[in-house]
Amino acid sequence: MVTRASQNIQVGISKTLSPARRAQNALAMVLVALGTLLVLVPLFLILKDLFVKGFSSLNLQFFTQSQSEITFLGSAGGFLNAIVGSVMMLAVALVIGVIIGIGTAIFLTEYREHRLVPSVRLMGDVLTGMPAIVVGLVIYGLVVRGLGFGYSGIAGGLSLGLIMIPVIVRATEEVLKLVPQTLREAGLALGLPRWKVIMNIVLPTARSGIITGVILAVARVSGEAAPLIFTAFGNSFLTWDPTQKMSGLPLAVYRSAFEPSEAAVARAWSGALVLVLAILVASLVARFAARKR
Amino acid sequence: MKATIPQPRRGSGSRADARFQAVIVALASIVLVTALAYSVVLLLNGASAFGREGLGFVFGSNWDPANGHFQAFPFIAGTFFTAIGALVIAVPLALAASLFIAEYAPDWLANPVAYLIELLAAIPSVVYGLWGIFVLIPATLPFQKWLASSLGWSAPIGPGLFSAMLLLAVMIIPFIAAISRDVIKLVPNDQREAAFALGATKWEVIRYAVLPYARAGILGGVILGLGRAIGETLAVTMVIGNANRFPQNLLSPTATMSSIIASNFGEASSPEFVSSLIGIGFVLLVVALVVNFLARIVIARLTPQGTV
């Protein structure tokens, strides 16, 4: 952002500008605008295709029937199994992500004198850059095969939870940093033990910000399909049992996209639309929660 | 500004305090050991692949599951080809978008554009992949055919290196643009006003006063974008064609580390096959770690002194 004064200076100068510099300046502006346009075009195309193709085959059946009910001709069936699977696995992920993520953020902001703080912060950053597929493979080696759990909703939820942790840590840490130091000091001066200051003063003050961060983290992992391939595996039948193989919405979209039937591809588009709409709604809710502060 | 919190008096609260702190430290320790645990688990599960093939696992090119040969170099190369190609397309566009938002556009235009680009970042990988297969590839196929025939390459089938680069570029643009925008906005206004006062044009201000100042952050963002492109899985898997070999040209199908893992995992019947895929996962983890540390070092080294 340029201040008004500097814009005036620019206007004053430009009258005596050499043509070459004037042309260069104009060219830069055109290129920047063109580049921005090129960035926005695919976005509009993706949204357009998503809505047109997604809505055209979206019906009630999509939400009430499972993939196991798909008939040979492809007229029946829906993604209920995948939607339920996503909800169940995100619930597991939420528990893990919230407990470990917020706990770690408390450690980083409220126990700054602790000697492990720099290492934990570094490792948190390292985890942020970890590809999701790697996390899926780790859970496969550790839980699916290592502990003998087999492919299951729990394993899928675990992998999503691990991906969520660094996202929640970062968001929560930012909010906790905003809580005024004087609030903590006021609590301590009243003789409150440190843990009560954290639980009864710091966290409630930061609540709406933390909720925003958690919602955004859930939205972020809800679209992850890669780790589910190795952990939840997928299941065309509806199940509420997280020890069974489960499908998730993004995983079902991925698998359906490769199926030769047109109905399956149409369902994939509907699944993609539902997924994106859910993520958008979650982001809007998160923004709303942030604004209420 | 580090304020040390005064310790409360010893008393009824202090034991509960110790317990609470123990819980918090335990939770943080999980984060502390996770990255190491990831490496150990993948190394243990992929060890037999390294054991069988030795260095050939990383440097050899014979990937033939039917005959028990698992050498992953084509996929390591494929990962770098696609990621670098995507960066070449994405960086200028992302930079343009961030300059537009931070320097050129008035607020009423900059805010919606910034929001739309954030939206682009929120779309899941699998949705990009779906769009890639059914919209992007059919739309670019005529161009690919024209390019192949004018260069004398074999006819393209659509899915391949080029499609993967293009789709990856679309996916990492919002990521790089968001970081660059933040960094450019952090450049102090004094910097711009000083350049304007010397008679610089808008472009000269950006070129000589803003970009050099923001250089470290932008480069760091680009490297983080590279890290993201390297780890990106499903979208690439859906449009790269998943051929177990080096690409003959820019348009031919090939595979990346993540795409070969994702596309072959279901068919991996033998333990050797599975351990080889996990071994590739380990290589991917190491590459991702190196790229992320590189980004951090670049940001630390190149940041001008006295930056906010």
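Residues numbered from 1 in each chain as written. Chains lettered and ligands numbered in written order. Predicted model: local features only at pLDDT ≥ 70, side-chain atom pairs only at ≥ 80, totals over all residues. Heavy atoms only, no water.

What to know about the overall build of chain A
- Counting secondary structure elements, chain A contains 13 helices and 0 strands.
- Going residue by residue from the N terminus, the α and β elements of chain A occur as α-α-α-α-α-α-α-α-α-α-α-α-α.
- Computed over the C-alpha atoms, the radius of gyration of chain A is 25 Å, more than 25% above the 19 Å expected from 2.2 N^0.38 for a compact globule of 293 residues.
- A burial count over chain A gives 52% of its 293 residues as buried.
- Accessible surface computed for chain A: about 13200 Å², of which carbon and sulfur atoms make up 69%.
- Computing the positive centroid from 24 side-chain charges and the negative centroid from 12, chain A places the two 10 Å apart. (Helix = DSSP H or I, 4+ residues; strand = E, 2+ residues; numbered from the N terminus. Rg over C-alpha atoms; globule rule 2.2 N^0.38 Å. Buried < 20%, exposed > 50% of the residue type's maximum accessible area, 1.4 Å probe, protein only. Areas by Shrake-Rupley, 256 points an atom, 1.4 Å probe, with all protein chains shown as cover. Lys, Arg positive; Asp, Glu negative; His and termini not counted. Charge placed at Lys NZ, Arg CZ, Asp CG, Glu CD.)

Remarks on the overall build of chain B
- A tally of helices and strands in chain B yields 11 helices and 2 strands.
- Along chain B, from the amino end to the carboxyl end, the secondary structure elements read α-α-β-β-α-α-α-α-α-α-α-α-α.
- Taken along the three principal axes of its C-alpha coordinates, chain B extends 65 × 65 × 30 Å.
- The buried share among the 308 residues of chain B stands at 57%.
- The long-range share in chain B, meaning contacts at least 24 apart out of those at least 6 apart in sequence, stands at 70%.
- When the accessible area of chain B is evaluated, it comes to approximately 13000 Å², of which 66% is carbon and sulfur surface.
- Of the charged side chains in chain B, 17 are positive and 13 negative, and the gap between their average positions amounts to 9 Å. (Contact = heavy atoms within 4.5 Å.)

Some points on the interface of chain B and chain A
- Facing the 86 residues of chain B at the interface are 93 residues of chain A.
- In this assembly, chain B packs against chain A so that about 8200 Å² is buried in total across both faces, 77% of it on carbon and sulfur atoms.
- Our count for the chain B to chain A interface comes out at 3 salt bridges.
- Our count for the chain B to chain A interface comes out at 9 residue pairs in polar contact (both at pLDDT 80 or more).
- Broken down by element, the side of chain B that touches chain A gets its largest block of residues, 18 residues, from helix 1 (residues 12-53) of chain B.
- Taken together, the residues of the side of chain B that touches chain A sort by class into 61 nonpolar, 15 polar and 10 charged. (Buried area = accessible area lost by both parts, 1.4 Å probe. Salt bridge = Lys/Arg side-chain N within 4 Å of Asp/Glu carboxyl O. Polar contact = N/O pair within 3.5 Å; in protein donor to acceptor, adjacent residues only side chain to side chain. Nonpolar A, V, L, I, M, F, W, Y, C, P; charged D, E, K, R; others polar.)

Thoughts on the packing of aromatic side chains
- What the rule picks out here adds up to 19 aromatic pairs over all chains.
- Residues Phe230(A) and Phe265(B) carry aromatic rings whose centres are separated by 4.7 Å and whose planes lie at 85° to one another, so their mutual orientation is edge-to-face. Taken together, the positions of Phe230(A) in helix 11 (residues 226-231) and Phe265(B) in the loop between helix 10 (257-264) and helix 11 (271-302) put the pair across two chains. As far as burial versus exposure is concerned, Phe230(A) and Phe265(B) are alike and both buried.
- Each ring, one from Trp269(A) and one from Phe134(B), has its centre 6.5 Å from the other, and the planes form 55°; the classification is tilted. Of this pair, Trp269(A) sits in helix 13 (residues 262-291) while Phe134(B) is found in helix 5 (residues 125-151), placing the two residues in two different chains.
- According to the relative accessible area criterion, Trp269(A) is buried, its value standing at 4%.
- Among the aromatic residues, ring-to-ring pairing joins Tyr140(A), Tyr151(A), Phe230(A), Phe233(A) and Phe265(B) into one connected group.
- Sitting over the ring of Phe233(A), Lys245(A) keeps its end group 4.8 Å from the ring centre.
- When the ring centre of Tyr104(B) is taken as origin, the NZ or CZ atom of Lys202(B), which lies over that ring, is 5.5 Å away. (Phe/Tyr/Trp six-rings, centres within 6.5 Å; stacked < 30°, edge-to-face > 60°. Lys NZ or Arg CZ within 6 Å of the ring centre and 35° of its normal.)

Let's talk about the domain arrangement of chain A
Residue and element names in this part refer to chain A.
- Segmenting chain A into domains produces domain 1 (2-56) and domain 2 (67-292).
- Every contact between the two is made by 6 residues of domain 1 and, on the other side, 6 residues of domain 2.
- For the domain 1 and domain 2 pair, buried surface summed over both sides reaches about 610 Å², with 86% attributable to carbon and sulfur atoms.
- Counting the contacts that link domain 1 with domain 2 gives 0 salt bridges.
- Its residues assigned to classes, the side of domain 1 that touches domain 2 shows 3 nonpolar, 1 polar and 2 charged. (Domains from an automatic or database assignment.)

Observations concerning the pattern of salt bridges
- What the rule picks out here adds up to 13 salt bridges over all chains.
- The partner of Asp49(A) in a salt bridge is Lys48(A), and the shortest N-O contact between them spans 3.6 Å.
- For Asp49(A), a relative accessible area of 7% gives the class buried.
- With a closest N to O distance of 2.7 Å, Glu173(A) and Arg121(A) form a salt bridge. In this pair, Glu173(A) is assigned in helix 7 (residues 153-178) and Arg121(A) in helix 5 (residues 117-128), connecting sequence segments 52 residues apart.
- Residue Glu173(A) is classed as buried on the basis of its relative accessible area of 8%.
- Connected via shared salt-bridge partners are Arg287(A), Glu118(B), Arg181(B) and Asp182(B).

Regarding the environment of Trp63(B)
Residues and elements named next belong to chain B.
- Among the secondary structure elements, Trp-63 is positioned in strand 1 (residues 63-64).
- The sequence separation of Trp-63 and Pro-74 amounts to 11 residues, and the corresponding C-alpha distance is 8.4 Å.
- Those residues in contact with Trp-63 that sit more than four places away from it in its chain are His-69, Phe-70, Gln-71, Ala-72, Phe-75, Asn-244, Ile-260, Asn-264, Phe-273, Ser-276, Leu-277 and Ile-280.

Looking at the nonpolar core
- Counting residues in hydrophobic clusters, the biggest one holds 188 residues, and the most contacted among them are Phe107(A), Met130(A), Tyr128(B) and Ile280(B).
- Two domains share this core, each providing at least three of its residues, namely domain 1 (2-56) and domain 2 (67-292) of chain A.
- Beyond its immediate sequence surroundings of up to four residues, Phe107(A) is in contact with Arg112(A), His114(A), Leu116(A), Val117(A), Val120(A), Ile24(B), Val25(B) and Ala28(B). (Core = buried A, V, L, I, M, F, W, Y, C linked by side-chain atoms within 4.5 Å.)

Some words on the packing of helix 8 (residues 181-189) of chain A against helix 9 (residues 194-205) of chain A
All names here are of chain A.
- At their nearest, the axes of helix 8 and helix 9 sit 10 Å apart, and the two run at 145° to each other. Helix 9 is crossed by helix 8, and the crossing has right-handed handedness. Contact with helix 8, carried on its side by Leu-183, Arg-184, Gly-187 and Leu-188, involves Arg-194, Val-197, Ile-201, Val-202 and Thr-205 of helix 9 and no other residues of that element.
- The residue makeup of the contact of helix 8 with helix 9, split by class, is 5 nonpolar, 2 polar and 2 charged. (Axes fitted to C-alpha atoms, helices over the stretch in contact; angles between N-to-C directions. Left-handed = near helix turned anticlockwise from the far one by under 90°.)

A closer look at the side chain of Thr239(A)
All names here are of chain A.
- Within the secondary structure, Thr-239 is located in the loop between helix 11 and helix 12 (249-257).
- The buried category is assigned to Thr-239, whose relative accessible area is 14%.
- At 3.0 Å, the side chain of Thr-239 and the backbone nitrogen of Asp-241 are in polar contact.
- Every residue in contact with Thr-239, bar those within four places of it in the chain, is listed here: Val-84, Gln-244, Lys-245 and Met-246.

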